[in-house]
Every structure is written in C-alpha cells, then in structure tokens.
Amino acid sequence: MTATPLRTIADIMQTSAVIPVLVIEDAALARPLAEALVAGGLRVLEVTLRTGAALEAIAEMKKVPGAIVGAGTVVNTQQFAQVRDAGAEFIVSPGLTERLAMPIIESGIPFLPGIANAADIMTGLDLGLTHFKFFPAEANGGLKALKALAAPFYQCRFCPTGGITEASAPEWLAFKPVLCVGGSWVTGGTMAEIEIKARAANALRG
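Predicted, not measured: the structure shown is a model, and the values here were computed from it.

**Student:** I would appreciate a short explanation of the overall build of the protein chain in the present structure.
**Tutor:** When you go through the protein chain residue by residue, the secondary structure sums to nine helices and eight strands. In summary, the protein chain has a C-alpha radius of gyration of 16 Å against a globular reference of 17 Å for 206 residues, a match within 12%. If one aligns the C-alpha atoms of the protein chain with their principal axes, the spans along those axes are about 45 × 35 × 30 Å. Among the 206 residues that make up the protein chain, the fraction classed as buried is 50%. The long-range share in the protein chain, meaning contacts at least 24 apart out of those at least 6 apart in sequence, stands at 61%. Accessible surface, the protein chain: about 9200 Å² in total, of which carbon and sulfur atoms supply 55%. One way to put it: in the protein chain the 16 positive side-chain charges average out to a point 5 Å from where the 18 negative ones average out.

**Student:** Explain helix H4 (residues 77-86) to me, please; I cannot follow it from the model alone.
**Tutor:** Structural remark: α-helix, 3.6 residues per turn; residues separated by three or four positions point the same way. Among the residues making up H4, those that are buried are Gln 79, Phe 80, Val 83 and Ala 86. Looking straight down H4, one finds its buried side chains confined to an arc of 125°; they lie on one side. Exposed residues lying more than 90 degrees from the buried face of H4 are Gln 78 and Asp 85. Considering only its buried residues, H4 is in contact with helix H3 (54-61), strand S3 (68-72), strand S4 (91-93) and helix H5 (98-107). For H4, the capping residue at the N-terminal end is Asn 76, with a side-chain oxygen 3.2 Å from the backbone nitrogen of Gln 78. One or two positions beyond H4, positive phi appears at Gly 87, with a value near 95°.

**Student:** Help me understand the pairing of strand S5 (residues 111-115), please; the structure alone is not making it clear to me.
**Tutor:** Looking down a regular strand, the side chains alternate between one sheet face and the other. S5 sits mainly inside the fold: five of its five residues count as buried. The two faces of S5 match: Phe 111, Pro 113 and Ile 115 on one face and Leu 112 and Gly 114 on the other face are all buried. Of the pairings in the sheet, the one linking S4 to S5 comprises three bridges and is parallel in character. The residue of S5 that forms the bridge with Ser 93 is Pro 113. In the classification by handedness, the crossover that spans S4, the intervening H5 and the parallel S5 is right-handed. In the sheet, S5 pairs with strand S6 (residues 131-134) via two bridges, with the strands oriented parallel. Its bridge partner lying in S6, Ile 115 is registered against Phe 134.

**Student:** Please explain the environment of Leu 45 as it appears in this structure.
**Tutor:** Examined against the element boundaries, Leu 45 turns out to sit in strand S2 (residues 44-48). Taking relative accessible area as the criterion, Leu 45 reaches 0% and is therefore assigned buried. The spacing of Leu 45 and Met 61 is 16 residues in sequence and 8.6 Å in space, taken between C-alpha atoms. Residues in contact with Leu 45, not counting those within four places in the same chain, are Pro 20, Leu 22, Ala 34, Leu 37, Met 61, Ala 67, Ile 68, Val 69, Gly 70 and Phe 90.

The rules behind each value
Per chain, the residues get numbers from 1 upward, laid out in the order the sequence is written. Where local features are concerned, this predicted model is filtered to residues with pLDDT of at least 70; where side-chain atom pairs are given and counted, the filter is 80 or more; whole-chain, interface and lining totals use all residues. Hydrogens and water molecules were not included; the side-chain quantities draw on all heavy atoms of the structure. The helix count covers DSSP runs of H or I at least four residues long, the strand count covers runs of E at least two residues long, and both are numbered beginning at the N terminus. In this treatment the radius of gyration is a C-alpha quantity, and the globule benchmark scales as 2.2 Å times the residue count to the 0.38 power. Burial classes: relative accessible area under 20% of the type maximum marks a residue as buried, over 50% as exposed, and values in between as partly exposed (1.4 Å probe, protein chains only). Working rule for contacts: check all heavy atoms of both residues, and any pair within 4.5 Å makes them a contact. Areas reported as accessible are Shrake-Rupley estimates using a 1.4 Å probe. Residue values count occlusion only from the protein chains shown. All tallies of charge rest on Lys and Arg as positive and Asp and Glu as negative; His and the ends of each chain are not included. Charged side chains are reduced to one point each, which is NZ for Lys, CZ for Arg, CG for Asp and CD for Glu. Arc, as used here, means the arc of the directions from the helix axis to the C-beta atoms. Any N or O atom pair separated by 3.5 Å or less is treated as a polar contact, with the protein-specific requirement of one donor-capable and one acceptor-capable atom, and with residues adjacent in sequence counted only for side-chain atom pairs. By the convention used here, strands pair only if DSSP detects at least 2 bridges between them. Every crossover in which the path from the first strand over the helix to the second runs clockwise, viewed with the strands pointing away from the viewer, is termed right-handed.

So yeah, pure geometry; function would need other evidence.
Spelled out as structure tokens, the structure:
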C-alpha cells in the first residue's frame, strides 16, 4: 500500500464539526476511545501532550481505520520532534512563535497554531499561515471577539477551542470563518456513551 498523502490543515478542519481535545492518562484506553469517536463520525483526534501516555496514545490511535490523529499542546521544538516521530498527522499549539512554527512548516505536517489577538494573526500571516486555533475562546471574549478579529483578517479560518460546550458549539459553527470547534465534552462516559456523544457532535454543523 502507498502512504496516505499529507492532508492540508484546511482539509483536516473541515473533516469533522468538532475536534475532540483528548487528555489521555492510560494509553490502553487510547485505541478503544479512538474507535468510539470515529464510529460516531469524529475522525480528527487531538491528543494533548499533557500526560506521559500521550506519545503512546498517538501511536495506538493511529491503528484505528479512518482516524486522523494529531498532537496538541505542542509548545517547543523538542516536543514537535517527539510527536513527529510518533506519527502525528497534524500539530496544534496553544500559541504561535516563529521558532516553533518554522520547523513544523518546513516539515510539511499540517499546523494549527493558537492565536488570541491581531498581533498573533499577523505573525501567522507573515509565516504564510491562514488557519488558526482561537484559544482560549471563551476567556478571550467569545464569539463576539472572534467576529471582531475575523473582519480585518477575512482570509483566515478558525477552530475556536477553550470553554466550548455542546450548547454553544452551534453558534460558533454558524459563523462562516469557523471551520470546526475543539471540545472535550465528547470524551466522558463509557465507550458506547462516547460514540453517542460523538454522533451528536458531528451533526452540529447542520
């Protein structure tokens, strides 16, 4: 079999309405969790580097057919090297620095850096980036703030993350520059319950 070509970050963001933000403490749960989320229609999975199990979890989740597994909370080049070697298919960072961005951009791995204000977006544009994670979304003024930022930066597209809930997600997704949202509400409960939550989340785009 030939290797799957790298997708663009735009392709990834438009695959599912919600990208689950996953904090995995036990790598043994990674594959069943990915299977439940993918079965529910959420194929794009962000494994945060907040636990010692994260790298193993990425490798386990990649075994699930249909899953697109990325690494989140990547904050330095050492972590980028680790997740690249673990097979991460996209990279998410909570903020944006040129030192972190350049090796990711040069690698060709799709990159979704976090932005919080106009200066962050301008830094991204200078680096040739147009797709961003708006983080922390609710703490940064919510949808009203993103609408204000998106007006002058009309060419940009966003994935708001941080404080998004099942109740608030539809309003975010109705705003055209928002391609998807990040959320953790889909990850609680049994695997059967998670699949049901994933199915409901995937239908939020309408």
